[in-house]
Amino acid sequence: MKKLIAVSAILALPLLSMAQVADIIDDDGILSIVDTPFDVNRFVIGRDFHENKFTDQDKGLRGMADCYFNMSDASDGEKQNLSLCKKLGLNTIISAKGKHLTGKEWMAMSDEEIDAYIKKMIDDGGKSKAIVGYHICDEPSAMAFPKLAVAVEAVRKYAPGKMATINLYPNYATLWTLDQVKSQLGTRTYKEYLEQAATIIKPDMISYDNYMVQFSMDQSDAKRTAQYYTNIMAVREVSLKYNIPWWNVVSGNQIRHYTTIPTMSNLLLQAYTSLAAGAGGVRWFTYWKGGYAYTPIDGQERRTQTWHYLREVNRQLSVLGPIMKHLRSTGVYFTNPAVDPSLPLLPGEHVKHIQCEEPLMIGEFLSEKGNRYIMVVNLSLERSARFVLRTAIDRERLFVVNTGEEHPYFQEIDETRLKSTSMLGGTAEQLAMAKERAYWLPAGAGALIKCSGLTYEK
């Protein structure tokens, strides 16, 4: 009879063969999680908060839904078909008519003017169920934070239960100097900038943009590459400290004419590194062409190859994102050497060792029931990564959350027994490798793994 062995019994019992052990039970219910449209707490898959600029705007919305977005572009309350957004399950953010106000423009307003401005924005937006929030500002200086706090409170007063979105600068914005004109952040350090945003604004989320994966020329520039990962770690730290969810805004186009273009691997990497650090959403800049190249939608409103890459990446996010929202991020680690000395290295609490020739990022998570989960991300944009994972429990059974089907399922990382290995006359080393419990990741991709807490009994 097949029998599962609990962790507490491991030391007292020998091991069973794989064929003698039953499948894992989804006691956390993660395989049956259903994303809820128009929930402000859903995992966000979105784009930049500019208005719908499509000539055929309804076609544009349908294309976004087909690309697995769950948040549309912004609406000024008139041009967006909110009824269609509702039908398609697209959360919608309302933006003021005309243009987004800058931090300086908010600073020039009195508290009473801000209150009236927000009330009008909400009134103009309408009452559609698809509306989940209101866009306030993009990339403000810390000097604007007190006025933005007034705007956020006004949203909470006139539209309780809705969110107020503010997008912060990345860590490569300019710091405070004696000449404030040259400062974007308005603080002496990036950490101070994030801390002030969390404590002064008290935002609904910490959203920031970082396009260094492409600025680094697909991570060939080590300094710029490091800025991408240290930014994630800095935002994650403040998010956990103040219990504020965070969103990563990353590049879905050729961010400058001289940078690398979006590929399947660099889109995957931006998505999975966000998941591994516990992000509550991923937004892509930008979807519609605008002034950029290699965008998902071109100037004639046609789908490009980038659109099809992005659709697959968003499809994976649509499966794993809602699951990750039910898990608590407890640690992030990197294999040695990491791209920056400040990044934490293994071992972690769950993962004690990973054997891999490519660089990896490891996120550790706990479910509400205390079950352990691991996300492993291949940080190479050039090569697939083969890794062998060792946890704190010797020979623990590990299960990948496979996203290949419409509904996810558990796939065990098993000891491979391929006849093809011996048929091809593999070397002794290759035959030994074939018997290891290894798993492969494409360039830039990741995998969510459940640690079962179970091993095998003879």
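The coordinates are above.
Quantities reported herein were computed from a predicted structural model and do not represent experimental measurements.

J.: So what exactly am I meant to see when it comes to empty space enclosed by the protein here?
T.: By rolling a water-sized probe across the atoms, one finds the places where empty space is left. Applying the stated criterion to the full structure yields one cavity of 30 Å³ or more. Empty space within the largest cavity amounts to approximately 40 Å³. As for the largest cavity, its lining consists of Ser 95, Ala 96, Lys 99, His 100, Leu 101, Trp 106, Tyr 117, Met 121, His 135 and Ile 136. Only α4 (111-125) and β3 (131-138) provide two or more residues apiece to the lining of the largest cavity. When grouped by side-chain class, the residues that make up the lining of the largest cavity number six nonpolar, three polar and one charged.

J.: Looking at this structure, how should I read the pairing of strand β6 (residues 246-251)?
T.: On a regular strand, one side chain projects to one face of the sheet and the next to the other, so that they alternate. Counting buried positions along β6 gives six out of six residues, so the element sits mostly inside the fold. Pairing of strand β5 (residues 206-209) with β6, which is carried by four bridges, proceeds in the parallel orientation. Following the sheet pairing, Asp 209 is matched in β6 by Val 249. Taken together, the five bridges between β6 and strand β7 (residues 281-285) define a ladder with parallel strand orientation. The residue of β7 that forms the bridge with Ser 251 is Phe 285. Handedness of the β6-helix α9 (residues 264-276)-β7 crossover: right-handed.

J.: Just checking my understanding: could you explain the packing of aromatic side chains for this structure?
T.: Two descriptors summarise a pair of aromatic rings, namely the distance from one centre to the other and the angle between the planes of the rings. Considering all chains together, one arrives at 13 aromatic pairs under this definition. Note on Phe 69 and Tyr 287: the rings are 5.2 Å apart at their centroids and 75° apart in plane angle, and the pair reads as edge-to-face. In this pair, Phe 69 sits in the loop between α1 (57-66) and α2 (82-88) while Tyr 287 sits in the loop between β7 and α10 (305-324), placing the two residues 218 residues apart along the sequence. No difference in accessibility class separates Phe 69 from Tyr 287, as the two residues are buried.

J.: Is there a simple way to explain the packing of helix α5 (residues 145-158) against helix α6 (residues 190-201) in this structure?
T.: Between two packed helices, the angle of one axis relative to the other and the distance separating the axes together describe the packing. Look at α5 against α6: their axes get within 9 Å of each other, and the N-to-C directions meet at 40°. Put simply, α5 runs oblique to α6. Judged by the sense of rotation from one axis to the other, the crossing of α5 with α6 is right-handed. The segment α5 lies against α6, with Phe 145, Pro 146, Leu 148, Ala 149 and Val 152 engaging Tyr 193, Gln 196, Ala 197, Ile 200 and Ile 201. For the contact of α5 with α6, the class distribution of residues is nine nonpolar, one polar and no charged.

J.: What's the story with the sheet that holds strand β12 (residues 385-391) in this structure? I'm lost.
T.: Within a sheet, each strand pairs with its neighbour through backbone hydrogen bonds, oriented either parallel or antiparallel. Strand order across the open sheet formed by three strands is β9-β12-β15, with antiparallel pairing between neighbours. Edge positions in the sheet fall to β9 (351-355) and β15 (438-441), since each of these pairs with one other strand and no more. Between one strand axis and the next, the sheet turns by 35° as a mean value, whatever way the strands run.

J.: Looking at this structure, how should I read the pairing of β5?
T.: Residues Ile 206 and Tyr 208 point to one face of β5 and Ser 207 and Asp 209 to the other, with burial holding for every one of them. When strand β4 (residues 163-168) meets β5, the two strands line up parallel, connected through two bridges. Residue pairing for β5: Leu 168 is matched across the bridge by Tyr 208.

J.: In this structure, what is going on with the environment of Glu 113? I would like to understand it.
T.: For Glu 113, the location among the structural elements is in helix α4. A sequence separation of 19 residues divides Glu 113 from Val 132, and the C-alpha atoms of the two residues are 23 Å apart.

J.: How do you make sense of the nonpolar core when you look at a structure like this?
T.: The tendency in soluble globular proteins is for nonpolar side chains to be buried as a group. Among the nonpolar cores identified, the biggest contains 113 residues, and Trp 106, Ile 118, Ile 136, Trp 284 and Met 375 are the most heavily contacted of them. Judged by nonpolar contacts, the second largest core, of 19 residues, contains Ala 385, Tyr 439, Leu 441 and Ile 449.

J.: Is there a simple way to explain the layout of surface pockets in this structure?
T.: Approximately 740 Å³ is the volume attributed to the largest pocket. Around the largest pocket, the lining comprises 34 residues; the ones closest to its centre are Asp 138, Glu 139, Pro 140, Tyr 169 and Gln 184. Contributing elements (two or more residues each) for the lining of the largest pocket: α3 (103-107), β3 and β7. Here the lining of the largest pocket takes three residues from α3, the largest share from any one element. Partitioning the lining of the largest pocket into residue classes produces 17 nonpolar, 10 polar and seven charged.

J.: Honestly, the pattern of salt bridges in this entry has me stumped. Any pointers?
T.: As a working rule, side chains carrying opposite charge can pair if their charged atoms are close by. Here the structure, examined in full by the defined rule, presents 22 salt bridges. The partner of Asp 204 in a salt bridge is Arg 156, and the shortest N-O contact between them spans 3.0 Å. Taken together, the positions of Asp 204 in the loop between α6 and β5 and Arg 156 in helix α5 put the pair 48 residues apart, joining distant regions of the chain. Accessibility expressed as a relative area gives 25% for Asp 204, which makes it partly exposed. The exposure class of Arg 156 is partly exposed, given its relative accessible area of 27%.

J.: Just checking my understanding: could you explain α10 for this structure?
T.: Every α-helix winds through 3.6 residues per turn, so residues three or four apart in the chain are directed the same way. Compared with the 28 Å implied by 1.5 Å per residue over 20 residues, the 28 Å span of α10 between its first and last C-alpha is a close match. Maximal helix bending in α10 amounts to about 30°, located at Ser 318; proline Pro 322 follows within four positions. Extensive coverage of α10 is indicated by the burial of 14 of its 20 residues.

J.: Looking at this model, I keep getting lost on unusual backbone geometry. Mind explaining?
T.: With an omega dihedral of -5°, the bond running from Phe 285 to Thr 286 counts as a cis peptide bond. Positionally, Thr 286 belongs in the loop between β7 and α10. Here Leu 346 and Pro 347 are connected by a cis peptide whose omega angle stands at 10°. Along the chain, the position of Pro 347 falls in the loop between β8 (328-334) and β9. Positive phi, normally seen in glycine, also occurs at Met 217, with a value near 60°. With respect to the helices, strands and loops of the structure, Met 217 is situated in the loop between α7 (212-215) and α8 (222-242).

Rules behind the numbers
Residues numbered from 1 in each chain as written. Predicted model: local features only at pLDDT ≥ 70, side-chain atom pairs only at ≥ 80, totals over all residues. Heavy atoms only, no water. 1 Å grid on protein atoms, 1.4 Å probe; cavity = no way out; pocket = protein on both sides within 12 Å on 5 of 7 lines; lining within 4 Å. Points joined across faces, edges and corners; volume = space filled by probe spheres on them. Helix = DSSP H or I, 4+ residues; strand = E, 2+ residues; numbered from the N terminus. Nonpolar A, V, L, I, M, F, W, Y, C, P; charged D, E, K, R; others polar. Buried < 20%, exposed > 50% of the residue type's maximum accessible area, 1.4 Å probe, protein only. Pairing = 2+ DSSP bridges. Right-handed = clockwise from strand over helix to strand, strands pointing away. Phe/Tyr/Trp six-rings, centres within 6.5 Å; stacked < 30°, edge-to-face > 60°. Axes fitted to C-alpha atoms, helices over the stretch in contact; angles between N-to-C directions. Parallel < 35°, antiparallel > 145°, perpendicular 65-115°, else oblique. Left-handed = near helix turned anticlockwise from the far one by under 90°. Contact = heavy atoms within 4.5 Å. Core = buried A, V, L, I, M, F, W, Y, C linked by side-chain atoms within 4.5 Å. Salt bridge = Lys/Arg side-chain N within 4 Å of Asp/Glu carboxyl O. Expected span 1.5 Å × (residues − 1). Bend = angle between axes of the 7 residues up to and from the residue.

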